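Secondary and tertiary structure notes
Spelled out, the chains give:
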Amino acid sequence: MDITRRRLLSVLAATGVLATVPTGWASAAEVADGVERLLANTVAVFAGTADSNSRTETAGKVAAIERTARTNLAALDAASGADELFPGLPLGTSDPNLNTTYQRVYEIALATRTSGVSADLYGSSAVQDKVVDALTWLHEHYYGDQSAGYYGNWFYWEIGLSQHISKTLVLLADRAPADLVRTYVTSMDAYLRNGKDGDVDLDSRFHTGANLADITTNRILQGALTADEARIRKALTDQLTVFATIDPYALNHGVTDGYYADGSFIQHASVAYTGSYGKGLLSRVVQTLKILDGTGFAHGGELVPTVFGWVRDGFAPLIFEGWMMEAVKGRAVSRTGTGYADVATVVEAVVDLASLAEGESSTALRAYVKHIRATSRAALDPTSFVSPQSIVRYTDILADTAVPAADLNPPARSAALNAMDRTVHRRPGYAFALSRSSARISKYEYMSGENLMPWFQGDGAHHLYLSGQDQTQAFGVDYFTTVSPYGLAGVTAPVEHRGTVPELYAGKLFYDNPSHPLNFTASSESQNAYVYFPTATQAHSGGAVLGAYGAVGWVASDDVPWRDKQAGILPDDFVVHRSARATKSWFLLDDEIVVLAAGVGDAPGAGRAVTTTLDARIAAAGDAVTVTEGENWVRWANATSGTAVGYVHLDGPRPKARLDTVTRSRRVVRTSNPDTAVTKQVFSLTVEQPAGSRPTAFACALLPNASSAAVRATTPVEVLTNTPRLQAVRHRALDLTALNTFTSGTHHTAGLTVEGPASVLVRRQGKEVTVAVSDPTTGRDEVSVVLRGPALRKVAGDDAVQATRVPGGTRLTVRTHHAYGRSFSATLR
């Protein structure tokens, strides 16, 4: 059978995998055997096996499955309302209630296939018949009528409900009547309204990235249930598109969602999302590889190196001591259960991937699992894993003394994830994560009442994670709850009040105006562009990396809603906000993170005061926090957690330090959060400009873990230039010069000449000079840098860098065409 050969080859050529899916089957018997193995694998993934469930390590998971099933069965029996299957979940108008109902039915079915569960549940045909009856009733009353369904969130109808239904039918095996299976599969096809003819549409903006992986996994299971080889193979071929590295200059089906060459992950076209949708995609594809193992439908081993690359380049930089960084979680930053729990999901995927990998890759993955366990301040609870088999594999990895704990990161690393406007700088003792935005990447993500006050999260906001600290006490939901949204660390914001979406639009969670030409509905493209995740309007955002050092430049700008409202495109009642102005650089060194800002002030004619927050930190109400100040320095210290940060004033107006006690409810950032009051000590270091002030410039060095003596010591950092055209510093001890240029024309500083906007680092070590260059606009064909002094020749480096002698020095011409912000480096002598 060769139904997708041409399409398959194009996808696999992009991933470097040429033989993942066989192009035909030898016999119908082999297809039947493959289907049987696929169904058995699926049961083993979710319910475990007799061997896995007999292990003491899985006892807690098995007990949890049984408790949940008994609770659901009791509720099922107690339901009395005509419009509900479970008490408190009325059906007919609430898609979340319908989704939860199907989830609870699945949880009952799961217990009947989980070895180790009590005999009255495990293998019980009577309980399985209750599940069949529940599925039949739900389809007859609330799912089968497609004209009455598909209200609320499209995700439930095309993904969420199908996940629960498909897995439930697999668990039921022969107890599920064939007619019921076919009826449900037909209905699930009908609900793929963003697809084409009841199937995936790779040109649909809804069928991309993590969403596509979920949909296609559902369809693989449905194909197994109906012994439909063509369905399985089509779904698998569609899913293979998520393995292709996104080339922004040659998009497949116009899709920007997925993994990029620099380790970035994007979902929703423009949201930096490794820590939420990215981990979902990782988890789903590894799960699918396990489901397909030995079936003959795919040679999953061919895909393992690609997924290993995601873990090494995409996840490892963003996980610090077992904590997933906030910069890549979108609206999920407002949830109460993120951070360490996010990483538990990643760990399960890595554990299972290690079992599929071979040789050094398998060893590296197992070592990384042990590293996370050894460094995390939270005791990872494997009971949270989806699969009992994963718990066994995890336990065996931790017990394997032949595998040492080892990070996939080097101890010192600067990772420029420029494709998603993120930078992570790591050193023993700390990690610094920087969030930016541009015409390519969203300023923030708000949706469905989550992340209600997100406005400045992509405006140069940073998170400085300190080693040895419980990060739930420093960041997570409580950071966004107690720190002012206008005063996030690193942000320059106008002094004004902004309303949340529910406040602005009569309590609704989105802007509702379907009669407008832009068709503002809950899931419309206009809602995405103007409400949920708007982008900025300028292109300058990015930087270069030289070894373990980095330089990043960014220009603040208005967002697309403001621009289009001024152009008369948006409705009169649509509320927009104007941004402040600033040109900023971050120079990422060993003991210092140097921040330069120029042209800082309000937008012309806006007439607002402006505050720049150099840093903001929280601590528990009872922690021993002190703030000490000197002539040109401030030191924040938390003796309870053993953490400290120093701040050295390098240039411009002196910042003001404050330490306040703040109490707020977690519900202020997410409508569905519990109304739990949180009290924190909030430290802030700010530069404040009154309304009408002229634009100003300033510079500051952040010193993670700095002692009092280190903060008072003479800094080795010299600010060379700090203007909206050019920002540059020199570190004397490292003999490192780093600069960002922001405008066209010629820029001169410290024996360097740079043409046009660029990011450049130059380090001299003996007779050698190393140089790194990037184009932060992503739009230049080449960048030219001249090093004044004796003529040098290139002895190593990227082919894109060409060195030529010019009068008075050496010119480097760097081909940046279609590099998408990538750094290019060379060594000269």
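Attention here is on the structure that accompanies the text. Predicted model only: the values in this text are computed from it and were never measured.

Rules and cut-offs
Residues numbered from 1 in each chain as written. Predicted model: local features only at pLDDT ≥ 70, side-chain atom pairs only at ≥ 80, totals over all residues. Heavy atoms only, no water. Helix = DSSP H or I, 4+ residues; strand = E, 2+ residues; numbered from the N terminus. Expected span 1.5 Å × (residues − 1). Buried < 20%, exposed > 50% of the residue type's maximum accessible area, 1.4 Å probe, protein only. Salt bridge = Lys/Arg side-chain N within 4 Å of Asp/Glu carboxyl O. Contact = heavy atoms within 4.5 Å. Polar contact = N/O pair within 3.5 Å; in protein donor to acceptor, adjacent residues only side chain to side chain. 1 Å grid on protein atoms, 1.4 Å probe; cavity = no way out; pocket = protein on both sides within 12 Å on 5 of 7 lines; lining within 4 Å. Points joined across faces, edges and corners; volume = space filled by probe spheres on them. Nonpolar A, V, L, I, M, F, W, Y, C, P; charged D, E, K, R; others polar. Pairing = 2+ DSSP bridges. Core = buried A, V, L, I, M, F, W, Y, C linked by side-chain atoms within 4.5 Å. Phe/Tyr/Trp six-rings, centres within 6.5 Å; stacked < 30°, edge-to-face > 60°.

What about helix 13 (residues 340–356)?
For helix 13, which comprises 17 residues, the first-to-last C-alpha distance of 25 Å matches the rise-based estimate of 24 Å (1.5 Å per residue) to within 8%. Counting buried positions along helix 13 gives 14 out of 17 residues, so the element sits mostly inside the fold.

As for the pattern of salt bridges
Within this structure, the stated rule accounts for 44 salt bridges. Linking R55 and D396 is a salt bridge whose minimum nitrogen-to-oxygen distance equals 2.7 Å. Of this pair, R55 sits in the loop between helix 3 (50–53) and helix 4 (59–78) while D396 sits in helix 15 (residues 388–399); the two residues are 341 residues apart in sequence, bridging distant segments of the chain. The exposure class of R55 is partly exposed, given its relative accessible area of 27%. What makes D396 partly exposed here is its relative accessible area of 39%. K234 is the salt-bridge partner of D238, the closest N and O atoms lying 2.7 Å from each other. On the criterion of helical spacing, the pair formed by D238 and K234 is a turn pair, its members being 4 residues apart in helix 10 (residues 229–240). Assigned by exposure class, D238 and K234 land together as buried.

Structural notes on helix 15
With 12 residues, helix 15 extends 17 Å from end C-alpha to end C-alpha; this agrees with the ideal 16 Å at 1.5 Å per step. Within helix 15 the residues assigned to the buried category are P388, Q389, S390, I391, V392, Y394, T395 and I397. Taken together, the buried residues of helix 15 touch helix 2 (28–47), helix 3, helix 4, helix 13 and helix 14 (359–375). For helix 15, the capping residue at the N-terminal end is S387, with a side-chain oxygen 3.1 Å from the backbone nitrogen of Q389.

What about empty space enclosed by the protein?
Per the counting criterion, the structure on display carries 10 cavities of 30 Å³ or more. Counted as a void, the largest cavity has a volume near 300 Å³. For the largest cavity, the lining is made up of 24 residues, of which Y444, W455, Y530, V575 and H577 are closest to its centre. In the lining of the largest cavity, the residues fall into 15 nonpolar, 4 polar and 5 charged. Of the pockets and cavities examined, the second largest cavity occupies roughly 180 Å³. In this structure, the second largest cavity is lined by 22 residues; those nearest its centre are E326, A327, R422, S435 and Q457. Contributions of two or more residues to the lining of the second largest cavity are made by strand 3 (271–272), strand 9 (461–466) and helix 16 (477–482). No other element matches strand 9, which puts 3 residues into the lining of the second largest cavity. A breakdown of the residues in the lining of the second largest cavity according to their chemical character gives 11 nonpolar, 6 polar and 5 charged.

As for the pairing of strand 14 (residues 593–601)
Burial within strand 14 is extensive, with 8 of its 9 residues counted as buried. From the end of strand 13 (residues 581–588) to the start of strand 14, which pair antiparallel, there are 4 residues. Where strand 14 lies against strand 21 (residues 696–704), 6 bridges are found, and the strand directions are antiparallel. Across the sheet, the residue bridging to V600 is T696, located in strand 21.

Considerations on the nonpolar core
Core analysis: the biggest nonpolar cluster contains 111 residues, and L281, L282, V285, V347, Y479 and F574 have the highest contact counts within it. Counting residues per element, this core draws most heavily on helix 13, which supplies 11 residues. What F574 contacts, discounting residues up to four positions off in sequence, is Y505, Y511, F520, Y530, V531, P561 and K565. Formed by 60 residues, the second largest nonpolar core is a distinct cluster that contains A75, V127, Y191 and F297.

Examining the packing of aromatic side chains
All told, the structure shown has 38 aromatic pairs when counted by the stated rule. With a centroid separation of 6.3 Å and an interplanar angle of 40°, the aromatic rings of F320 and Y465 are classed as tilted. Placement of the pair is F320 in strand 4 (residues 319–320) and Y465 in strand 9, with a sequence separation of 145 residues. Pair check on accessibility: F320 and Y465 agree, each one buried. Ring centres of Y532 and F533 lie 6.4 Å apart, and the angle between their planes is 40°; this geometry places the pair in the tilted category. Overall, the relative accessible area of 5% leaves Y532 in the buried class. Among the aromatic residues, those joined into a cluster by ring pairs are Y102, Y143, Y150, Y151, W157, Y184 and Y191.

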